[in-house]
Amino acid sequence: MLRSSDSRCIRTTTGPQPCLWSQDPMLEQLFKLRQSGTDTRTEILAGVTTFLTMAYIIFVNPTILGDAGMPKDAVFVATCIVAALGSLVMGLYANYPIAMAPGMGLNAYFAYAVVLGMKVPWQAALGAVFVSGCLFILVSVFGLRALIVNGISRSLRVAITAGLGMFLALIAFKSAGIVVASPATLVQAGDLHKPEAIMAVVGFLLIVTLDRLKVRGAILIGIVVVTILSFFFGGNTFRGLVSAPPSIAPTLLHLDVKGALGVGILNVVLVFFLVELFDATGTLMGVASRAGLLVEGKMERLNKALLADSAAIVAGSLLGTSSTTAYIESAAGVQAGGRTGLTALTVAVLFLACLFIAPLAGVVPAYATAPALLFVACLMLRDVGDIDWSDTTEAVPAAITALVIPFTYSIAEGIAFGFITYALLKLTTGRAREVKPVIWVIAALFAFKIVYIGT
């Protein structure tokens, strides 16, 4: 190893690695920056990059949960705080460059399927999130995660994600006025001449273009641009940029656990739990793989990361927001060089700073967040090619899962029909041994619920 004339800089002879500047002793001790081949500046820049790619959630989440009757200002505060808290725990406890925030898809299920569809009060829905988070903690502590995840076929896991994507797309089209209800055909095209629909289309094309050109914060830029256009063409009114954070009191500790258990664990809690489990595990493994943090294909601190994830879910339910999860957008920060928890810590600080832009968040219309929802939905469909379409016992249950979710406006029904179909087809084709015990259990629970309780 050679030292440059500047004693602060160490250069290695093993390749074109960046110069590693001397670290703050506390940061070095907390995050092991040198051991990870990174430095403070790189980690902070990576954190900023991750934040820009996922900051859209502070506008989207209050809009979605606001549709469920939750106070938007309080949800905005809860979103910022839980994103900061989750990212902080992930960074300090698990030391991974993975940021967290309320999950897309899960917030839509919370608002549109549980609260609006099942007529469950949002307080009880928060209680269901709390219970699912507690179950997630138990699964992580007792090491049952691998048993559950590995027991569910790849085709069903992909199908759930794809179904979530189509569910988000339907919500996006509805928010933009591109798809409207029809008594004759259930749905039909809306008035595409309306300014709202036109601005949503412009926003979507802008996001896709910027993303293709690798512009950081493409989704956030799209939301901001459409919001600006809404002042000129949508009759929107500017309310200022900066203010003191709104009160979180309207949602803080307003969860109703007893009410959640009363509406049925199978309907709500199990679905939250399964989607959280797949989402968190898949995202953590995907980002860690891209960062080169896997050792023999495994994450050394996976249980710590899952505990951080589940703790954030519980915290979010207490603060007043839907399930929190690891964000795949963290891959952008990894691409920028993030390798340690300092990246996640940077994201946490930036989310806390966002607490002071509540007036800006309050003027973002639904049709400005619709392009972001649609873009995320498109990305969620990209793994359908991994399904073995030549095997109908795998492909058909996967297709049913993905199709039933948007067509019934219910993630729970899609998962239920998918698991039941998978188990039955394997049984009727003499391949029952391929079905892991966890699928039999989940399929039996859903079948019992449909037969004796109803959909």
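Look up a bit, the structure's there.
About the criteria used
Residues numbered from 1 in each chain as written. Predicted model: local features only at pLDDT ≥ 70, side-chain atom pairs only at ≥ 80, totals over all residues. Heavy atoms only, no water. Phe/Tyr/Trp six-rings, centres within 6.5 Å; stacked < 30°, edge-to-face > 60°. Helix = DSSP H or I, 4+ residues; strand = E, 2+ residues; numbered from the N terminus. Buried < 20%, exposed > 50% of the residue type's maximum accessible area, 1.4 Å probe, protein only. Pairing = 2+ DSSP bridges. Expected span 1.5 Å × (residues − 1). Salt bridge = Lys/Arg side-chain N within 4 Å of Asp/Glu carboxyl O.

A. View of the packing of aromatic side chains. Using the criterion set out here, one finds 5 aromatic pairs in the structure. Ring centres 5.2 Å apart and planes at 75 degrees place the aromatic pair Tyr-109 and Phe-272 in the edge-to-face group. Residue Tyr-109 is located in helix α5 (residues 106–117), and its partner Phe-272 is located in helix α12 (residues 265–290); the two are separated by 163 residues in the primary sequence. Ring geometry for Phe-110 against Phe-272: centres 6.5 Å apart, planes inclined by 50 degrees, an arrangement best described as tilted. Of this pair, Phe-110 sits in helix α5 while Phe-272 sits in helix α12; the two residues are 162 residues apart in sequence, bridging distant segments of the chain. Of the two residues, Phe-110 and Phe-272, both sit in the buried class. Each member of the aromatic cluster is reached from another via a ring pair, and the members are Tyr-109, Phe-110 and Phe-272.

B. Expanded view of unusual backbone geometry. Unlike most non-glycine residues, Leu-186 shows phi in positive territory, near 70 degrees. Within the fold, Leu-186 resides in strand β6 (residues 186–189). For Leu-186, a relative accessible area of 70% translates into the label exposed. In the Ramachandran plot, Lys-214 falls in the positive-phi region, its phi being about 60 degrees despite a non-glycine side chain. Mapped onto the secondary structure, Lys-214 falls in the loop between α9 (195–212) and α10 (218–233). Overall, Lys-214 belongs to the exposed group, its relative accessible area being 73%.

C. Molecular detail of the pairing of strand β5 (residues 179–182). Pairing of β5 with β6, which is carried by 4 bridges, proceeds in the antiparallel orientation. Following the sheet pairing, Val-179 is matched in β6 by Ala-189. A loop of 3 residues connects β5 with β6, the two strands running antiparallel in sequence.

D. Geometry of helix α13 (residues 302–319). With 18 residues, α13 ought to run about 26 Å at 1.5 Å a step, and its terminal C-alpha atoms sit 26 Å apart, in line with that. Burial analysis of α13 places 13 of its 18 residues in the buried class, which makes it a mostly covered element. Immediately downstream of α13, the backbone of Gly-320 shows phi near 120 degrees, a positive value.

E. View of helix α4 (residues 72–94). In this model α4 runs 31 Å from its N-terminal to its C-terminal C-alpha over 23 residues, within 8% of the 33 Å that 1.5 Å per residue would give. Asn-95 sits one or two positions beyond α4 and adopts a positive phi of about 55 degrees.

F. Structural view of the pattern of salt bridges. Counted under the stated rule, the structure contains 5 salt bridges. Notably, a salt bridge pairs Lys-426 with Glu-394, separated by 3.0 Å at the nearest N-O pair. In this pair, Lys-426 is assigned in helix α19 (residues 411–428) and Glu-394 in helix α18 (residues 392–408), connecting sequence segments 32 residues apart. Between Glu-434 and Lys-426 there is a salt bridge, with the nearest N and O atoms lying 2.8 Å from each other. Residue Glu-434 is classed as partly exposed on the basis of its relative accessible area, which comes to 38%. Among the ionic contacts, a cluster of salt bridges with common partners joins Asp-391, Glu-394, Lys-426, Arg-431 and Glu-434.

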